[in-house]
Amino acid sequence: MSNSYNKWFHPYKPAKAYQKKVAYFSMEFGIDQGLKIYSGGLGFLAGSHMRSAFELKQNMIGIGMLWKFGYYDQGRNSDQTLRTNFLEKNYSFLEDSGLEVEVTINENHAVKVRAMVLKPEIFGTVPLYLLTTDVEGNDFLSRTITDHLYDNNSFTRISQNIVLGIGGAKIVQALGGADIYHLNEGHALPALYYLRNIGITKDKFRFTTHTPEKAGNTEREGNLLNKSGFFGLILPEEQLHKEVVGYGVLNYTVSALRLSKRSNAVSKLHAKVAQGMWKDFDGISDIIPITNSQNQAFWQDKPLKAAWEKHNKKGFIAHKKLLKSQLFEQVLDQTGKIFNPDVITIVWARRFAQYKRADLILRDLERFERLASSTKYPIQLIWAGKPYPKDAYAVDLFNHLVRYSKDKKNIAILTGYEIALSKKLKTGSDIWLNTPRITREASGTSGMTAAMNGSLNLSINDGWIPEFAVNGKNGFILPEANPESSEWDQDNFDSNNLYDVLENKVLTMYYEQEEKWMEMVFKGIEGVIPKFSSKRMAKEYYTKLYK
């Protein structure tokens, strides 16, 4: 039993600038490789935020979920194609906070929600309260609500929203309440309804929207949510009608924007896109930009940092080769291929969403294979990422890349894309390839941590990139396709430019102009630190969003 943490508590006196008590709700947190309660970018962002809030002594806590099986463990079938494994997770370092609340889900008025606490000294974060329904006294179905992050069953997902939102809000009330309730994405939306029901006003509510993608802006039938207990009480028909948007559907993002005093998007470009997306809905809050960032101390390799600070190019190159060799041990172990640290290594690693176009580099196969088989300018290419298990397109694409790369000595696709492998790929790559359809990437934080480790961004000019990149100075930026043109035309335009930039700029510079390459690498690190380190972001949340 952790007595200190059954009330609002920090092991430090909050800094003067950060006195406001903030409860930060997120479906996933990427805190450490060993705490598997994340799937990807949203979690990595939330994890960096919690670390920087601790470093700055902010008066913040995190509210998340203790996923019994995590997201999934990425393995392989006998033919090396994707296999999704669900293994029970146990964490000896989490402690029972002593707090347990009850929520109503589908007329079950007593679903128990227990809060386990991740104390700051474990991983250097603000206190994190992780909710579980796998509690004695719950029926079997209730105990399974917190089994799987992003469960495919819509009834389970609604139940998870209620547990995170209403269960989380009740835990915060038990801790003594907060000055600000901040929703990182719409998953915890029931929190705002519950808090409104008990008389807490919208000037305490804040919301971060993370994506223009339809799948990331959940819509569900209003009557179904009402019966499920989503609103914390059963809304009368007239009130429900005010909450829904067209055809009786509730859009989580629209509701969060309406219920919050102030909201933010996650890059300057995304703020414009989001403002355009939601402008026709009445009563929504202002959407300001606070660009996502990552925690430097956690993500940046220390010897690389030391070499960069001393402007020691030789030392940097030598250590980069060592890090490449360490990454290539993974390549050998998983694929039986021996990669060469002297060869330029291109990595595409992120969530396997369709709009991110993992296979764009293969679009003109003849041209790509000429590139890949060059002896004058040899390349090595690695893909990694987790498709959503029920996304047939993404799983098929992953398996297509597995089959394509099998007999290619210099091309590999890796499984196990979690924090540890992500770090290895960022420290061991020379080029970080980013190929989303333009206007579809809200931020794209993986390129920030790659740049911190001397991997140059080769990217579409989307998300955070326009705020960072100076083409040819700190990265390689592709000309912008017309987002109004057909996907076919965009893909042709972008792939042709990608080949041109690789052939005429990237490879010639890497192999023939080492001095210029290293200048770009150092400029890339300078461009990303401190502007895209999460201390800046955590400060801006207090000064811009919570004010």
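Quick look at the structure, then. Here the structure is a predicted model, which is why all the values come from computation and not from measurement. (Residues numbered from 1 in each chain as written. Predicted model: local features only at pLDDT ≥ 70, side-chain atom pairs only at ≥ 80, totals over all residues. Heavy atoms only, no water.)

Section: the packing of helix 1 (residues 41-55) against helix 20 (residues 534-545)
Between helix 1 and helix 20, the shortest axis-to-axis distance is 8 Å and the interhelical angle comes to 80°. When the axes of helix 1 and helix 20 are compared, the pair comes out roughly perpendicular. Taking contact as the criterion, the partners of Leu45, Ser48, His49, Ser52, Ala53 and Glu55 in helix 1 are, on helix 20, Ser534, Lys535, Met537, Ala538 and Tyr541. Taken together, the residues of the contact of helix 1 with helix 20 break down into five nonpolar, four polar and two charged. (Axes fitted to C-alpha atoms, helices over the stretch in contact; angles between N-to-C directions. Helix = DSSP H or I, 4+ residues; strand = E, 2+ residues; numbered from the N terminus. Parallel < 35°, antiparallel > 145°, perpendicular 65-115°, else oblique. Contact = heavy atoms within 4.5 Å. Nonpolar A, V, L, I, M, F, W, Y, C, P; charged D, E, K, R; others polar.)

Some thoughts on the side chain of Gln300
Within the secondary structure, Gln300 is located in the loop between helix 10 (296-299) and helix 11 (302-309). For Gln300, a relative accessible area of 5% corresponds to the buried category. Separated by 2.8 Å, the side chains of Gln300 and Gln296 make a polar contact. For Gln300, the residues in contact, after removing those within four places along its chain, are Lys305, Trp308, Met452, Asn453, Ile525 and Ile529. (Buried < 20%, exposed > 50% of the residue type's maximum accessible area, 1.4 Å probe, protein only. Polar contact = N/O pair within 3.5 Å; in protein donor to acceptor, adjacent residues only side chain to side chain.)

Topic: the packing of helix 11 against helix 12 (residues 313-335)
Helix-helix packing: each pair is described by the crossing angle between the helix axes and the interaxial distance. The geometry of helix 11 relative to helix 12 is characterised by a closest axis approach of 9 Å and an angle of 165° between their N-to-C directions. Accordingly, the angle class assigned to the pair helix 11 and helix 12 is roughly antiparallel. Read as a crossing pair, helix 11 and helix 12 show a hand that is left-handed. Mapping the contact onto sequence places Pro303, Leu304, Ala307 and Trp308 in helix 11 and Gly315, Phe316, His319, Lys320 and Leu323 in helix 12. A breakdown of the residues in the contact of helix 11 with helix 12 according to their chemical character gives six nonpolar, two polar and one charged. (Left-handed = near helix turned anticlockwise from the far one by under 90°.)

Comments concerning the packing of aromatic side chains
Applying the stated criterion to the full structure yields 32 aromatic pairs. Here Tyr71 and Tyr72 contribute two aromatic rings whose centre-to-centre distance is 5.0 Å and whose plane-to-plane angle is 45°, an arrangement assigned as tilted. For Tyr72, a relative accessible area of 2% gives the class buried. Ring geometry for Phe230 and Phe231: centres 5.5 Å apart, planes at 80°, overall edge-to-face. Phe231 carries the same exposure label as Phe230, and that label is buried. Grouping aromatic residues by their ring pairs yields a cluster made of Tyr377, Phe476, Tyr510, Tyr511 and Trp517. (Phe/Tyr/Trp six-rings, centres within 6.5 Å; stacked < 30°, edge-to-face > 60°.)

A word on unusual backbone geometry
Look at the link from Ile529 to Pro530: it is a cis peptide, with omega at 5°. As for its position among the elements, Pro530 is in the loop between helix 19 (514-528) and helix 20. One non-glycine residue, Gln80, lies in the positive phi region at around 80°. If you trace the backbone, Gln80 turns up in the loop between strand 3 (73-76) and strand 4 (82-85).

Re the side chain of Asn292
Positionally, Asn292 belongs in the loop between strand 13 (286-289) and helix 10. Those residues in contact with Asn292 that sit more than four places away from it in its chain are Leu45, His210, Val266, Ser443, Thr445, Met448, Phe532, Arg536 and Met537.

Quick word on helix 14 (residues 392-405)
If you check helix 14, its first and last C-alpha atoms are 20 Å apart, about what 14 residues at 1.5 Å a residue would give, namely 20 Å. Residues of helix 14 that are buried: Ala394, Val395, Leu397, Phe398, Asn399, Leu401, Val402, Tyr404 and Ser405. Of the surrounding secondary structure, the elements contacted by the buried residues of helix 14 are strand 3, strand 4, helix 13 (365-372), strand 15 (379-384) and strand 16 (411-414). The opening residue of helix 14, the one whose side-chain oxygen lies 3.2 Å from the backbone nitrogen of Tyr393, is Asp391. (Expected span 1.5 Å × (residues − 1).)

Here's the deal with the environment of Asn223
Here Asn223 is to be found in helix 6 (residues 222-228). For the pair Asn223 and His241, spaced 18 residues apart in sequence, the C-alpha separation works out to 9.6 Å.

With respect to the environment of Glu512
Locating Glu512 in the fold gives a position in helix 18 (residues 487-512). C-alpha of Glu512 to C-alpha of Gly168: the two residues are 344 residues apart in sequence and 56 Å apart in space. Apart from residues lying up to four places away in sequence, Glu512 is in contact with Lys376 and Tyr377. At 2.3 Å, the side chain of Glu512 forms a polar contact with the side chain of Tyr377.

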